[in-house]
Structure formats: structure tokens, C-alpha cells
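Chains, contacts and geometry: an overview
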Amino acid sequence: MDYLDQLEAEAIAILREVAGQFEKPALLFSGGKDSITLVRLAEKAFRPGKFPFPLVHVDTGHNFPEVIEFRDQLVQKLGEKLIIGHVQDAIDSGRAIEQKGKNASRNALQTVSLLEVIEKNQFDACIGGARRDEEKARAKERIFSVRDEFGQWDPKRQRPELWNTFNGKIHKGENVRVFPISNWTELDVWNYIKRENIEIPSIYYSHHREVIERNGVWMAAHEFLNMDADDKIYTKSVRFRTVGDMTCTAAVESEKTEIDDIILEISQSKISERGARMDDKVSEAAMEDRKKGGYF
Amino acid sequence: MDILKFLTAGSVDDGKSTLIGRLLYDTDSVLADQLEAIQKSNRKNDDGTVDLAILTDGLKAEREQGITIDVAYKYFQTEKRKFIIADTPGHIQYTRNMVTGASNADLAIILVDARKGVIEQTIRHSYLVSLLALEHVVVCVNKMDMVDYSEEVFEKIHADYHQLAIKLGIKEVTFIPVSALKGDNIVNDSINMPWYKGKSLLAHLETVPVHQVDHLLPARMAVQWVVRPQTDELHDYRGYAGRVLSGALSVGEEIKVYPSGNKSKIKRIETFDGDLQIAEEGKSITLHLEDEIDISRGDMIGEIERSPLVSNQIEADICWMDTRELDTTATYFIQHQSKVTRCKIKEVLYKVNINTLEKVNADTFGLNDIGRVEIKTADELAFDPYESNKRNGGAIIIDSRTNVTVGALMLRAAL
């Protein structure tokens, strides 16, 4: 089998295990390429039946409008249920406190809303599009990753994962984060999107946009960022390599508008994908710390 | 292009981290921002070059608490193949970690220190490789630079290991003299060992044949999910979703459902991308059968001729993975493919001293112990002996109080 067929077959089998082992699973959908890939894999696992889970989007309120629009169209086309958790609600009610200053981002606040959505809907499994090649804390996470009732990842308590046998047994209140594309790399995802002809939000392709420089990377110039008079606005041809919320996702300069060019550009790139994420630049163990706090 | 999954067996002292670091570095798989982090680090080799072992460094939690997480996965690719390395830390809990890593690997690299030769640890690693029935073994005789790149040293280790491989029944072994530190025969051919005519480690990894569908294996598919849309247009639709574990299933073929023994014929093999005439090992599919028979998650669909063993009394090898000892009076869960049922591990037949390979008497198992047991399950399992078809011969034991995976089973026989 070709490597994409191998990865696909493995991911489909993992999704079917989720359906078989859990009472109330959910698929975490961000509108990014990895979760869009998950949606295609779910179609392959369950069609012509319905998905045995809703899609769940934790909306920071600072998302790219193109991504939100894409999300709504996709959900309509799929005919599946979408549940949205709003970070704004958590802020308004005081359960989350907005960061201050130039580098303020709602990325970390997503965890509050995610845990609220999980609790409210009693989800026992949340499928996510994280990959092990993204970051070294991810490299050590299981495909079925058990979280306690506070959503915490405890690297010490991870279960050994043998063969393709996934142990999803949990106590009430705990839940499992499931990562069907754990073994995929960034390039695998792009090659799969190309092969399957999967639609993705337009901001992944090069476009002209007003940007400002922040900590050595280009950020979309937008009211969501705390800009001030010192911030010089440039218009550049850029594309986004990962799609998080506007305050934590940096653009890369690129003229590429075709998927083949983007694949080539990524395979030649010398900067890792998460190098364009402000949230990982905070400290060496930034991802590890966030995961322990319940981040997906 | 396909994927090769491999694990590296060896301790820190054997240069395991350096070997993995070298593979990543010399295949240009280290990205600029990661490289920058390494160059900033104070850890350098004696000659001032960067310490490549940093590329396999652990998490903050591991450093702070002095623990190691069982397996870290690393990814790289060349023009010929994609690679997934299961990097299992070498110190405490090594058996548990290596068994976990090996269960999902196609190939094992066993590191032998050229100065030490075949030692107790080599026996231990090799035993685990044979227990998990890995198809391919590569013995990397490392630190050749410390023995003046001596052919004699290499040949001696070659001969010693050959004896061990025969004893353990390991069939395919490839020997490569390397220096992970200096880069000899890892990615680039060594200029220091002109007497070695074989391939470099990477060249071997790129070309060793894996994932060829073994047509000699019987067809098996565990039912994971029953697709029943129950809509107006698909009122009678009923599909059995699962992955072909071994062999191949084809349209028109007679099948049997285990453990019930009900028979039917394959009407259709459905995938999202269209129907198939034949579905081979590894493929995730949805089966449609001619007859309406009772099938649910946990059932095994297989060919009629070569049936699996169906039993609720099973003999198996076990690797115990929990700090709490095995309790022969307790009820555990056993998970085999999509089937989960209760079980008791009724009897410990023997324990294996994995340093000497001797079988010793034992009443129970502690963390990292390996041996043979008799299990009684509540429902029957449909399995193949691990040594003849490992794709349907492995199972796990789950503690019913903590829900933790506490044991790995290689199922051997029905009693």
C-alpha cells in the first residue's frame, strides 16, 4: 500500500474505534487543514451513515472571517451537527480573563471554553487533529490520550499503546482525546489534501494582506491585535501555514497559489510548522505546559 | 513510497540517542528552528561538534521528575521511504517500553557496543524482538571508531550474535559496523572501513522489503462498527465496518463469523471511494453480506477454510506492565481487536529470566516480568497464535479498577 493509503486506513480504523468504544464522542473542528482532513476521514469511516458524533468548534471570536465562513459552508454540505463554544461567553461571565498588552491572545483561553463544552455536553471522547511531528510534547502523546476531569494530560500516567489495540476505558468525568492523524506529518496532510481534492480555507493560499511585524514574524493587521502607532502596516503577498486564531497565527511571505507549489515550498522549508506559532515561542516547554492544563 | 516503522534498542551508553540524532541530521531532517535550539545548547561533544543526542531529549516533566515516557515517535523521510522511529528510553522500565515500541514496528535496530560485544543486555533486547516476532533485525555494531575500525572485532560480534539469533529463532539479521558519533555507515558509507562491503544503515532501511501482503495468511477482519443509516432511501442498509487484519477478502467468497460460526457470502466490499472486488491486509472497508445474520462489534469475520482458534481458555505469553503485581484471583478486562470481555489470569506457568532465557517458577508477575500464563475469558475469543499470525494474536489486559493497560499478551494456544 502507498503511504497515504496506509495512513488513511489507520485513521479510519481509529475513528471507528472511537465510535465503538465511547458513548458521547465529539470531533474538535477548528477550520484548519488538519481538522478538515479529519472530517474527510470521518466521511470515509461512516458514510453512507451519519457521523456518530457532532463537530465542536471552540471559537475565540478572533478567527479569520474566511475560516468561519468556510466552516459554516462545510457543515451545511455535510449535513452534520455543529456545536460552538464561544470564548467570548467565558470572558463576559468572568470565567476567563482576557490577556493584556501587545502579545495578547485568546489562544490559551480556548482551554476554558473547551472544558466547558466537554462538561456541558458530557463528551467522553474528543477527536483532534494533532500530529506527533508538530512538537516534542506531542511526540510522546498516545493516540488515545486519557485526561482527568480537569482535562489535564499527565505524561506519567499514559497507558502503553500496543499494536492497534486502543484502550478507551475511563472513569466517569474523565475523557479521552483521540488523535487519528498522530502518525501523519505536515507534508502528508498536504499531499492528502491534494490527492483527495479537499477544499480548504482560502487563507492557506497566497493573497495580499495588510500585515504588521511582531517578534520577527508577520501578523495580520486587524483590530483583534492590540496595535499601536509604532506598528507599521505593510501590504504583502502571504499565506498561512497553520490556521489558529488571528492573534497567534503568523503569515509566511509567499507567492504560491497552487497546492503543488505550496507542497514544494513546505518540503523545502527549513522552519518547522509550529515555528510560525506565537503560542509555542513563549518557552521551551510551552506546549507541554498547555497540554497539562487541558489544551488539546 | 511506503512507510517503515522501526525501533532502536539500546541504552544511553550504547549511543542510541546519537544514532537517532545522526539519522535525522544527516538526512537533513532537522529544521532550522530546531537546529538553532541545539546550537544554543551548551552540550557539545569533546571535539566541539554539536551533540546530536539532544534531538531526542525528553520533556520538562521527565527531567524534573527523573522519569521517562515509554515511547516518543520521530518522523523523517527520504526520497525512497517514510520512516517512523519508535524511540524507547533505555533505563528503568525498559522491557515495558520496548515491548510497546516493538508491537508497532516492522524492524528493530539492536545496538551493540563494539568494545563490549554481545552482553546480557543484547540478549534481553533480542529476546523481546523474538517474543514480539519482528520480521527484521539489524545489529548495528556501534563505536567502531573506538576499536580502530577493526574488522576482527566486528566479525567476532557477528559470529557471537549469530549463535544467539539461532537460539532465539530470529531468522533475518543484518549486521552493520557503524560509528554514530562520527557518522560512519549511518547515512554515508564509511571511508574508515573499506573491508565492509554492505549497505549503510539508511540504505538498508530504505530497501528492506516490508508490508508485502502475505497471501499465506488467513483472511481476518474484526467488526468495529455496524453502519446502519436507517434513512428512507437506505432502509435496509447494513454494513460491517472494519480493517482487514490479515490475508484478503473478496466478493463472492464464503465467510464465517466467529465465535458464532454463522456462515454467509460477501455481497459487496464498500469504501467511500467506490466498491472493491478484493480487499487486502491493512485496508479499512465496509462489508455487505448475502444473508441477514446477527453480527455486532467484537465479532471476527474470517475465511471458512483456515478458521481462527475459538476458545475461552487460552495459553499466552504475558509482559506485565504495571507497578501493581498480577493478582491471579482478580477479574481483569481483556481486549482483543474490537472485543472486550472479562477474564481471569488463572495460572502462572513460568516466568522467563530474560537475561539468561531460563524458565523459572513464579506465582505472580511484577513490572517488566515476562512469562507464560493460562487465562479464562468470559466470552470466547477468535484469535490466531501470535507466532503464526501476529496481526490477530496480540491482546491487552486492562485493570478493571484503574482502567489502565497492565499487560501485553501474545496469545499462543487454545486449551
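Since the model is a prediction, treat every value here as computed from it, not as a measurement.

**Section: the pattern of salt bridges**
For the structure on display, the rule yields 48 salt bridges over all chains. Linking R306 of chain B and E303 of chain B is a salt bridge whose minimum nitrogen-to-oxygen distance equals 2.8 Å. D399 of chain B is the salt-bridge partner of R401 of chain B, the closest N and O atoms lying 3.3 Å from each other. A single salt-bridge network, built from bridges that share partners, covers D2, D5, E8, R40, E43, K44, R195 and E196 of chain A together with D273 of chain B.

**With respect to the interface of chain A and chain B**
Listed as interface residues are 62 residues of chain A and, on the opposing side, 70 residues of chain B. When the two sides are added together, the surface that chain A and chain B hide from each other amounts to roughly 5600 Å², 55% of it contributed by carbon and sulfur. In terms of surface lost to chain B, no three residues of chain A exceed R16, K140 and W163 of chain A, which account for 15% of the buried area on that side. Put simply, chain A and chain B have four salt bridges between them. At the boundary of chain A and chain B, one finds 23 residue pairs in polar contact (both at pLDDT 80 or more). At the level of elements, α1 (3–21), α2 (33–46), α6 (186–196) and α8 (286–292) of chain A are the ones that each hand at least two residues to the side of chain A that touches chain B. Residue composition of the side of chain A that touches chain B, by class: 22 nonpolar, 15 polar and 25 charged.

**Some thoughts on α6 of chain A**
α6 of chain A sits mainly inside the fold: nine of its eleven residues count as buried. Along α6 of chain A, the residues that are buried comprise E186, L187, D188, V189, W190, N191, Y192, I193 and E196 of chain A. Next to the buried residues of α6 of chain A lie α1, α2 and α7 (259–268) of chain A together with β2 (72–77) and β3 (81–87) of chain B. Positive phi shows up at N197 of chain A, right after α6 of chain A, with a value of about 55°.

**Things to note about the packing of aromatic side chains**
A full pass over the atoms with the stated rule returns 16 aromatic pairs over all chains. Aromatic rings pair up to connect F46, F51 and F53 of chain A together with W225 of chain B into one cluster.

**Things to note about unusual backbone geometry**
Of note, the bond from R47 of chain A into P48 of chain A is cis; its omega dihedral lies within 30 degrees of zero at 10°. Its location among the elements puts P48 of chain A in the loop between α2 and β2 (55–59). Geometrically, the link from Y258 of chain B to P259 of chain B is a cis peptide bond, its omega value of 5° lying close to zero. Examined against the element boundaries, P259 of chain B turns out to sit in the loop between β10 (254–258) and β11 (263–270).

**A word on the domain arrangement of chain A**
Residues and elements named next belong to chain A. Domain assignment breaks chain A into domain 1 (3–188 + 285–292) and domain 2 (201–278). Of the residues lining the interface, 27 residues belong to domain 1; the matching set on domain 2 comes to 27 residues. In this assembly, domain 1 packs against domain 2 so that about 2300 Å² is buried in total across both faces, 54% of it on carbon and sulfur atoms. Counting across the interface, domain 1 meets domain 2 through two salt bridges. Note that R209 and E66 form a salt bridge whose closest N and O atoms lie 3.1 Å from each other. Applying the counting criterion to the domain 1 and domain 2 interface returns three residue pairs in polar contact (both at pLDDT 80 or more). Taken together, the elements giving at least two residues each to the side of domain 1 that touches domain 2 come down to α2, α3 (65–78), α6 and α8. Taken together, the residues that form the side of domain 1 that touches domain 2 break down as eight nonpolar, ten polar and nine charged.

**Some points on the packing of α1 of chain A against α6 of chain A**
Residues and elements named next belong to chain A. As a packed pair, α1 and α6 sit with axes 11 Å apart at the nearest point and diverge in direction by 95°. As far as their axial angle goes, α6 and α1 are roughly perpendicular. Judged by residue contacts, Y3, L4, D5, L7 and E8 of α1 engage D188, N191, Y192, R195 and E196 from α6. Looking at the contact of α1 with α6 residue by residue, the class counts come to four nonpolar, one polar and five charged.

**Observations concerning the side chain of T341 of chain B**
Residue and element names in this part refer to chain B. Mapped onto the fold, T341 is located in strand β17 (residues 339–353). For T341, a relative accessible area of 5% puts it in the buried group. Look past the residues within four positions of T341 in its chain and what remains in contact with it is Y332, F333, I334, T377, A378, D379 and L381.

**A closer look at the sheet that holds β10 of chain B**
With respect to topology, six strands assemble into a closed barrel ordered β7-β8-β13-β11-β10-β14 (chain B), the strand pairing being antiparallel. Strand after strand, the sheet turns through a mean of 45° between neighbouring axes, direction not considered. Taken together, the four bridges between strand β8 (residues 239–246) of chain B and strand β13 (residues 284–289) of chain B define a ladder with antiparallel strand orientation. The residue of β13 of chain B that forms the bridge with A241 of chain B is T286 of chain B. Contacts between α1 of chain A and the sheet are confined to β7 (220–227), β8 and β13 of chain B, with β7 of chain B contributing the most and set at about 55° to the helix.

**Observations concerning empty space enclosed by the protein**
Under the counting rule described, the total for this entry stands at seven cavities of 30 Å³ or more. Size it by volume and the second largest cavity reaches roughly 170 Å³. R132 and N183 of chain A together with K5, Y73 and N104 of chain B are the residues nearest the centre of the second largest cavity, which is lined by 17 residues in total. Elements supplying a minimum of two residues to the lining of the second largest cavity: β1 (2–9) and β3 of chain B. Broken down by element, the lining of the second largest cavity gets its largest block of residues, three residues, from β3 of chain B. In the lining of the second largest cavity, the residues fall into nine nonpolar, four polar and four charged.

**Here we look at the environment of E281 of chain B**
All names here are of chain B. As for its placement among the helices and strands, E281 is situated in the loop between β12 (278–280) and β13. A relative accessible area of 15% places E281 in the buried class. Residues E281 and R220, 61 residues apart in the sequence, show an inter-C-alpha distance of 8.6 Å. At 2.8 Å, the side chain of E281 forms a polar contact with the side chain of R391.

Calculation rules
Residues numbered from 1 in each chain as written. Chains lettered and ligands numbered in written order. Predicted model: local features only at pLDDT ≥ 70, side-chain atom pairs only at ≥ 80, totals over all residues. Heavy atoms only, no water. Salt bridge = Lys/Arg side-chain N within 4 Å of Asp/Glu carboxyl O. Contact = heavy atoms within 4.5 Å. Buried area = accessible area lost by both parts, 1.4 Å probe. Polar contact = N/O pair within 3.5 Å; in protein donor to acceptor, adjacent residues only side chain to side chain. Helix = DSSP H or I, 4+ residues; strand = E, 2+ residues; numbered from the N terminus. Nonpolar A, V, L, I, M, F, W, Y, C, P; charged D, E, K, R; others polar. Buried < 20%, exposed > 50% of the residue type's maximum accessible area, 1.4 Å probe, protein only. Phe/Tyr/Trp six-rings, centres within 6.5 Å; stacked < 30°, edge-to-face > 60°. Domains from an automatic or database assignment. Axes fitted to C-alpha atoms, helices over the stretch in contact; angles between N-to-C directions. Parallel < 35°, antiparallel > 145°, perpendicular 65-115°, else oblique. Pairing = 2+ DSSP bridges. 1 Å grid on protein atoms, 1.4 Å probe; cavity = no way out; pocket = protein on both sides within 12 Å on 5 of 7 lines; lining within 4 Å. Points joined across faces, edges and corners; volume = space filled by probe spheres on them.

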